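# Commentary on secondary and tertiary structure
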Amino acid sequence: KDYGENYEDAYYENAMMYYTEKKYQTAADLFVNFLNEFPDSANAAKVCYQTGESLYELALYDDSLVYFKTVIDNYSASNYYEAAVFRAKLIESRKNELVLQNLLKWSQEQFLASRDTFIKKEQEANDTIKLLKDKIKILEREIASKENIVEFNYEQNMILESKEELLKGKEIILKLIEKEIKKSK
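Anyway, here's the lowdown on the structure attached to this text.

Quick notes on the rules
- Residues numbered from 1 in each chain as written.
- Predicted model: local features only at pLDDT ≥ 70, side-chain atom pairs only at ≥ 80, totals over all residues.
- Heavy atoms only, no water.
- Helix = DSSP H or I, 4+ residues; strand = E, 2+ residues; numbered from the N terminus.
- Rg over C-alpha atoms; globule rule 2.2 N^0.38 Å.
- Buried < 20%, exposed > 50% of the residue type's maximum accessible area, 1.4 Å probe, protein only.
- Contact = heavy atoms within 4.5 Å.
- Areas by Shrake-Rupley, 256 points an atom, 1.4 Å probe, with all protein chains shown as cover.
- Lys, Arg positive; Asp, Glu negative; His and termini not counted.
- Charge placed at Lys NZ, Arg CZ, Asp CG, Glu CD.
- Salt bridge = Lys/Arg side-chain N within 4 Å of Asp/Glu carboxyl O.

## Here we look at the overall build of the chain
Within the chain one finds five helices and zero strands. Computed over its C-alpha atoms, the radius of gyration of the chain comes to 51 Å, more than 25% above the 16 Å expected for a compact globule of 185 residues. Overall, the chain is about 170 × 30 × 25 Å in size when its C-alpha atoms are taken along their principal axes. For the chain, the proportion of its 185 residues judged to be buried stands at 20%. Sequence-distant contacts in the chain: of pairs separated by 6 or more residues, those separated by 24 or more amount to 47%. Surface summary for the chain: the accessible area is close to 14400 Å², and the carbon and sulfur share equals 56%. Considering the chain, the positive charge centre built from 27 side chains and the negative charge centre built from 34 side chains are found 20 Å apart.

Spelled out as structure tokens, the structure:
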């Protein structure tokens, strides 16, 4: 397709106008179309870089990285090479930072969940300890009560045994008295 001598430049300038107006999606679409329309253009390195910049501004970092790497891999002698290397490293750094942030967030969430679980289990343990202490007090009272009963029963048995001994003693005395009475008759 031949649209004239200045068509390629006009196309590029149109895409740049959208970029400078911060209409990054439209600019990115026009830059991609430029690369499809003019794959062998002398401006290909510049357009790849601007495509990456447009996508970067849209926070489409993985997509923008593709275009920055294209500049790095295919246009190492261009004026955009160093800038593309910088942006690629910046994106990789941002990715690593996001991974670290997610890891820290996950770690904090795990810590909070573990802490909450610990607090809950600690409360359950304290409740169980209180319940057991209450049961021990009840058992101690029951034991004391049974000890009192046992002590009372022991005393009663001792009294009964003493009474039995007294009764036996009385019987013996009565038998002796009876014998004495029979002898005296």
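The discussion continues.
## Considerations on the pattern of salt bridges
For the structure shown, the criterion picks out five salt bridges. The salt bridge partner of Glu 53 is Arg 87, with a shortest N-O separation of 2.6 Å. Of this pair, Glu 53 sits in helix 3 (residues 44-57) while Arg 87 sits in helix 5 (residues 81-184), and the two are 34 residues apart along the sequence. Neither residue differs from the other here; Glu 53 and Arg 87 are each classed as buried. When the shortest N-O distance is used, the salt bridge between Lys 130 and Asp 134 registers 3.3 Å. With Lys 130 and Asp 134 both in helix 5 and four residues apart, the pair spans about one turn of that helix. With a relative accessible area of 52%, Lys 130 lands in the exposed category.

## Points about the environment of Ser 64
Considering the arrangement of structural elements, one finds Ser 64 in helix 4 (residues 61-74). Residue Ser 64 is classed as buried on the basis of its relative accessible area of 0%. With residues near it in sequence (within four places) discarded, Ser 64 still touches Gly 52, Leu 55, Tyr 56 and Ile 91.

## Examining unusual backbone geometry
Notably, Lys 22 is not glycine yet its phi reads approximately 65 degrees, a positive angle. Turning to its location among the elements, Lys 22 is positioned in the loop between helix 1 (7-20) and helix 2 (24-37). Positive phi outside glycine occurs at Ala 59, with the angle close to 65 degrees. Tracing the backbone through its elements, the reader meets Ala 59 in the loop between helix 3 and helix 4. Using a relative accessible area of 42% as the deciding quantity, one classes Ala 59 as partly exposed.

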